[in-house]
There are 4 protein chains.
Amino acid sequence: MTDTQERNPGEPLRVGVLGARGRMGIEVCKAVDAADDLELVAAVDQGDDLSAVSGAGAQVVVDFTTPDVVMDNLRWCVEQGISAVVGTTGFTEQRLEQVRGWLAGKPDVSMVIAPNFGIGAVLMMQFAARAARYFESVEIIEQHHPRKLDAPSGTATHTARQIAQARAEAGLGPVPDATRDEVPGARGADIDGVRVHAVRATGLVAHQEVLFGTTGETLTIRHDSYDRVSFMPGVLLAVRAVRNHPGLTVGLDALLD
Amino acid sequence: MTDTQERNPGEPLRVGVLGARGRMGIEVCKAVDAADDLELVAAVDQGDDLSAVSGAGAQVVVDFTTPDVVMDNLRWCVEQGISAVVGTTGFTEQRLEQVRGWLAGKPDVSMVIAPNFGIGAVLMMQFAARAARYFESVEIIEQHHPRKLDAPSGTATHTARQIAQARAEAGLGPVPDATRDEVPGARGADIDGVRVHAVRATGLVAHQEVLFGTTGETLTIRHDSYDRVSFMPGVLLAVRAVRNHPGLTVGLDALLD
Amino acid sequence: MTDTQERNPGEPLRVGVLGARGRMGIEVCKAVDAADDLELVAAVDQGDDLSAVSGAGAQVVVDFTTPDVVMDNLRWCVEQGISAVVGTTGFTEQRLEQVRGWLAGKPDVSMVIAPNFGIGAVLMMQFAARAARYFESVEIIEQHHPRKLDAPSGTATHTARQIAQARAEAGLGPVPDATRDEVPGARGADIDGVRVHAVRATGLVAHQEVLFGTTGETLTIRHDSYDRVSFMPGVLLAVRAVRNHPGLTVGLDALLD
Amino acid sequence: MTDTQERNPGEPLRVGVLGARGRMGIEVCKAVDAADDLELVAAVDQGDDLSAVSGAGAQVVVDFTTPDVVMDNLRWCVEQGISAVVGTTGFTEQRLEQVRGWLAGKPDVSMVIAPNFGIGAVLMMQFAARAARYFESVEIIEQHHPRKLDAPSGTATHTARQIAQARAEAGLGPVPDATRDEVPGARGADIDGVRVHAVRATGLVAHQEVLFGTTGETLTIRHDSYDRVSFMPGVLLAVRAVRNHPGLTVGLDALLD
């Protein structure tokens, strides 16, 4: 089995998809299919036999299934010596520890588990955390369709916390703000000292802008996401990289260096 | 006197400035001086004699003085048959009525009194009021330097009210918003049903964005103001237009048709 | 027949769709269906009998068919006393004249023929033409997906021409530009004296920004279109308005007043 | 002398300014003066004696002078054991080598020479070079006042080259572009395969946007500079950091980690 699972230079990497008939799985199958250096060798879903994946000699599995079956899937991958890229939700620290345990004795198998495969969103957060220490002011404006239930978005809250931490590490104090006369809400939500504004409008999809300001200049980092296919470049990047990152990698960040 | 106050085609319009040593007056003098079709014939300030203005044959006066002297200035202009463009603050409805009364019997004298000579800001508000009836969603994001005391800005509040009125006239209901889980302030201030977000950051000057959304598309109108010289094109436009608009014109709107 | 074609207040307007199985027709059927004040009474396509439309008492027809059948469709509508909203392409001045002739003797039938039903795009062009006379500088930046064959887009070219005309009417000279040392293409395409820049990138859909500048301030009008459903609000607006605009109306402009 | 030049924790760093009456020097003096952790101990210009700087116990010198005197200034600094932050222009590779030579035997003296002290601009370029490898498409839009002689700007050209190099290293091919029918210039200037668009308009100051695109998403990095004071945070950052970076550091990049 080892032999067929080695990647010969020039030969496409053999990829199996679990959850292949879900809305993300369908997109993953299309994206793998369209990539010259990848070959879709198995696409299985609920009710199908996993042996189709090992039988086809898959070297990497992509799992977009559900929290109740994903742990079984990953244990099976480890047993079969197949690396995995996982977008399924519901990973607690306890679950991640369990996966780390399985991988400990298996140097040839590795896994990437990520809550967000949007390369643009991940880079936006990295750049924001990095710029944070050099600017006196910072605010976040996120914009979404009006069917969204939470405000601000999870990504905006996460970005604000990373910025707040970077500012604290750099010894920056509170952002300057002379507001004395405010109509309630005008200055946005306060997330660890960073003001976050949530815009909702028909026609919007998912957008976020981080605005940094210092004397005489501003720097803006903006991410626009139009479609769930926006996750595919990140999934393919992880598929190509997973076997070069031993053990368990959590988040796309570590693959973007 | 009438004769010298007529404008011959090809000859520059003769302009006098009252409040010529104030920060706005200084800019007005420079702007008039730099315009080929205008001639700065008198620049007076506190302590100077107004007869310098009439003596120089001024056809239009620009007044950026103070509320305590402006009414005397305007009555004098009416008596002298000189039209006026006024940026001085403090005009109540009562004061405007008084000016209308003075002008009633003087068909050859006219006046423009405006609280804001920024052409860009005025057009932004006009366009916003006009677009409002065609879009399901609308929000305002204004951005200013952090020394500003009020949030949102007066311009943003005014824009929101005009939009709310246009929506009501068009029979539009509330903007769609499914937010159930909000960190307080995230969704901005509610001005007559229009959400307004106020961003404050070092490096910013004065900016405003009005975002309209409907199925599959958004329309954004944005105004960026960098400097008090941004009022000059509006002042010059009023200087050139005032004598073609009989009586009293309040606001730059009526001159932008 | 007349009787059933009158709209009683409170009763939905009866709409028939021609070209109902084309990609635009499908969206029109959905949009009409979803509107409370409209009723989809007939949806026909190639091979279907038009009598289904008149038989169902349609008061307005929406035609997204093809240039080779649309003229027959419209003549039939006129004969039946049914008004029409037309998004089919290929209308020459000659064809428009022919339609005007048919409508001349029929005061109860009216038609709207428009090349672009995007309300946002139409308003952007209207606002741009209106702002053009007040700003010394103007440039257009349009942004599209990289599969687009022409650069700049038809909309950008059309906008540039309208701006150029408005500037000419206002007596404005050329925009200021001191460029002496240019890498070829940096300053964009010259359309009637207006510089137009065409950006192409994966991930983009269809976007356009018109930037106006004068001393100390800029005004930006931006339109973002994400989807062909963005035309539906404009189609429905025309459906609701067509019977109040006698004769032939060309373009959505005249309905947006 | 060594003793007085040591920085005691809690005591402000003693700073001398060369070229103190030039337009940049004036701003540097103000900025140093306003910073709690820095003390302006000497401000000299053409005709003044440098001994005022050493006599006042300056630990760091900021030099915004001219190419004809800067080398003498720096040699003197090295002799006196004073570190330097240099914004003066005209540094050739030969000059940099000479400075390196002077510093070689002086472990306690260090220098930062930078062509651009705008932190925002430097971060924009860093982020752009870093994002470049993950996106199929990229274009640059720079926007400046219309008195600018070159198009595109030096910063835009430099950014494009860094992006092109990062793409090459990541094995990316040409950006996708199906344009077949182009009005000359619409697609911008081609700088090493990266399209760059230069917008010129009254009211603008200095702005740059780098747009990255991949399937379903875009990432935009934008820098807006309004004023020459925008360089001051970068100058102060270098003043505080120079003594921790032995030898010669060229560019602000190395100080932003």
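See the structure shown above.
For clarity, every value in this text was computed on a predicted model and none was experimentally measured.

Our focus in this paragraph is the overall build of chain A. The helix and strand inventory of chain A stands at eight helices and 13 strands. Summarising its shape, the C-alpha atoms of chain A cover approximately 70 × 40 × 35 Å along the three principal directions. Each of the 257 residues in chain A was classed as buried or not, and the buried ones make up 57%. In chain A, of all internal contacts separated by at least 6 residues, the share reaching a separation of at least 24 is 72%.

Mapping chain A onto chain B calls for a rotation angle of 180 degrees and an axial translation of 0.1 Å; the resulting RMSD is 0.2 Å. On the angle and the small slide along the axis, the relation comes out as a two-fold axis. Residues of chain A ranked by C-alpha distance from the rotation axis are headed by Gly 185 of chain A, positioned 1.7 Å from it.

Moving on, we get to the packing of aromatic side chains. Residue and element names in this part refer to chain A. Overall, the coordinates contain twelve aromatic pairs over all chains when judged by the stated rule. Here the aromatic rings of Phe 135 and Phe 212 are separated by 5.5 Å at their centres, their planes lie at 40 degrees, and the arrangement is tilted. One end of the pair, Phe 135, is in the loop between helix H6 (119-131) and strand S6 (137-144); the other, Phe 212, is in strand S11 (residues 206-214), with 77 residues separating them in the sequence. Each member of the pair, Phe 135 together with Phe 212, is buried.

This part is about the relation of the copies chain C and chain B. Expressed as a screw operation, the relation of chain C to chain B combines 0.1 Å of axial shift with a rotation of 179 degrees, fitting to an RMSD of 0.2 Å. Both copies share a contact surface, since 100% of the interface residues of chain C are interface residues in chain B too.

Before going further, it helps to examine the sheet that holds strand S2 (residues 38-44) of chain A. Pairing between the strands of a sheet is mediated by backbone hydrogen bonds and can be parallel or antiparallel. All names here are of chain A. Strand order in the open sheet made by the six strands is S2-S1-S3-S4-S5-S13, with parallel pairing throughout. Taken across any chain shown, the strands that pair with only one partner, and hence form the sheet edges, are S2 and strand S13 (247-250). Taken pair by pair, the neighbouring strands of this sheet meet at an average axis angle of 20 degrees, ignoring direction. Two elements, strand S5 (residues 110-113) and S13, share four bridges in a ladder whose sense is parallel.

Looking now at the side chain of Lys 148 of chain C. In this structure, Lys 148 of chain C sits in the loop between strand S6 (137-144) and strand S7 (150-151). A distance of 3.2 Å separates polar atoms of two side chains, one belonging to Lys 148 of chain C and the other to Asp 150 of chain C. Residues within four places of Lys 148 of chain C in sequence aside, it is in contact with Ser 153 and Arg 200 of chain C together with Ala 178 and Thr 179 of chain D.

What follows is about the side chain of Gln 208 of chain B. Residues and elements named next belong to chain B. If you trace the backbone, Gln 208 turns up in strand S11 (residues 206-214). Judged by relative accessible area, Gln 208 falls into the buried class, the value being 4%. Only 3.3 Å separates the side chain of Gln 208 from the backbone nitrogen of Ala 156, close enough to count as a polar contact. Within the local environment of Gln 208, its side chain forms a polar contact with the side chain of Thr 159, the two groups lying 3.1 Å apart. In this view, Gln 208 contacts Met 124, Ile 140, Ile 141, Glu 142, Ser 153, Thr 155, Ala 156, Thr 159, Ile 221, Arg 222 and His 223; residues no more than four positions away in its chain are not counted.

What follows concerns the pairing of strand S3 (residues 60-63) of chain A. Residue and element names in this part refer to chain A. Judged by which residues are buried, S3 turns out to be covered on both faces: Val 60 and Val 62 on one side and Val 61 and Asp 63 on the other are all buried. With four bridges joining them, strand S1 (residues 13-18) and S3 adopt parallel strand pairing. Counterpart to Leu 18 in the pairing with S3 is Asp 63. Sheet analysis places S3 next to strand S4 (residues 83-86), joined by four bridges and oriented parallel. Bridging across to S4, Asp 63 finds its partner in Val 86. Since S3 and S4 lie parallel, the crossover through helix H4 (residues 67-80) that links them has a hand, and here it is right-handed.

Contact residues are listed per partner, giving 34 residues for chain C and 34 residues for chain B. Taken together, the two surfaces of chain C and chain B that pack against each other cover about 2,700 Å², and 58% of this comes from carbon and sulfur. When the area that chain C buries against chain B is broken down by residue, the three leading residues are Phe 127, Tyr 134 and Glu 217 of chain C, summing to 24%. At the surface where chain C touches chain B, the tally comes to 14 residue pairs in polar contact (both at pLDDT 80 or more).

Moving on: helix H5 (residues 93-104) of chain D. Residues and elements named next belong to chain D. Relative to the 16 Å expected for twelve residues at 1.5 Å per residue, H5 spans 16 Å between its end C-alpha atoms, a close match to the ideal helical length. Within the sequence span of H5, burial applies to Leu 96, Val 99, Trp 102 and Leu 103. The buried residues of H5 occupy one face: seen down the axis, they fall within an arc of 120 degrees. Structural note: H5 exposes Gln 94 and Ala 104 on the side pointing more than 90 degrees away from its buried face. Structurally, H5 contributes buried residues whose contacts are with helix H4 (67-80), strand S5 (110-113) and strand S13 (247-250).

With that settled, consider the interface of chain A and chain B. Listed as interface residues are 43 residues of chain A and, on the opposing side, 43 residues of chain B. At the boundary of chain A with chain B, total buried surface from both sides reaches about 3,100 Å², with 60% on carbon and sulfur atoms. For the pair chain A and chain B, the interface holds zero salt bridges. In this assembly, chain A and chain B are joined by 22 residue pairs in polar contact (both at pLDDT 80 or more). Within the residue set of the side of chain A that touches chain B, elements represented by two or more residues are S6, strand S7 (150-151), strand S8 (181-182), strand S9 (189-191), strand S10 (194-200), S11 and strand S12 (217-225) of chain A. Among the elements that make up the side of chain A that touches chain B, the one with the highest residue count is S10 of chain A (five residues). Here the residues of the side of chain A that touches chain B are counted per class, giving 18 nonpolar, 13 polar and twelve charged.

For the structure shown, the criterion picks out 52 salt bridges over all chains. Notably, a salt bridge pairs Arg 100 of chain B with Glu 93 of chain B, separated by 3.3 Å at the nearest N-O pair. Among the ionic contacts, a cluster of salt bridges with common partners joins Glu 93, Glu 97 and Arg 100 of chain A.

Reading guide: rules and limits
- Residues numbered from 1 in each chain as written.
- Chains lettered and ligands numbered in written order.
- Predicted model: local features only at pLDDT ≥ 70, side-chain atom pairs only at ≥ 80, totals over all residues.
- Heavy atoms only, no water.
- Helix = DSSP H or I, 4+ residues; strand = E, 2+ residues; numbered from the N terminus.
- Buried < 20%, exposed > 50% of the residue type's maximum accessible area, 1.4 Å probe, protein only.
- Contact = heavy atoms within 4.5 Å.
- Least-squares fit on C-alpha atoms with pLDDT ≥ 70 in both.
- Phe/Tyr/Trp six-rings, centres within 6.5 Å; stacked < 30°, edge-to-face > 60°.
- Pairing = 2+ DSSP bridges.
- Axes fitted to C-alpha atoms, helices over the stretch in contact; angles between N-to-C directions.
- Polar contact = N/O pair within 3.5 Å; in protein donor to acceptor, adjacent residues only side chain to side chain.
- Right-handed = clockwise from strand over helix to strand, strands pointing away.
- Buried area = accessible area lost by both parts, 1.4 Å probe.
- Expected span 1.5 Å × (residues − 1).
- Arc of directions from axis to C-beta.
- Salt bridge = Lys/Arg side-chain N within 4 Å of Asp/Glu carboxyl O.
- Nonpolar A, V, L, I, M, F, W, Y, C, P; charged D, E, K, R; others polar.

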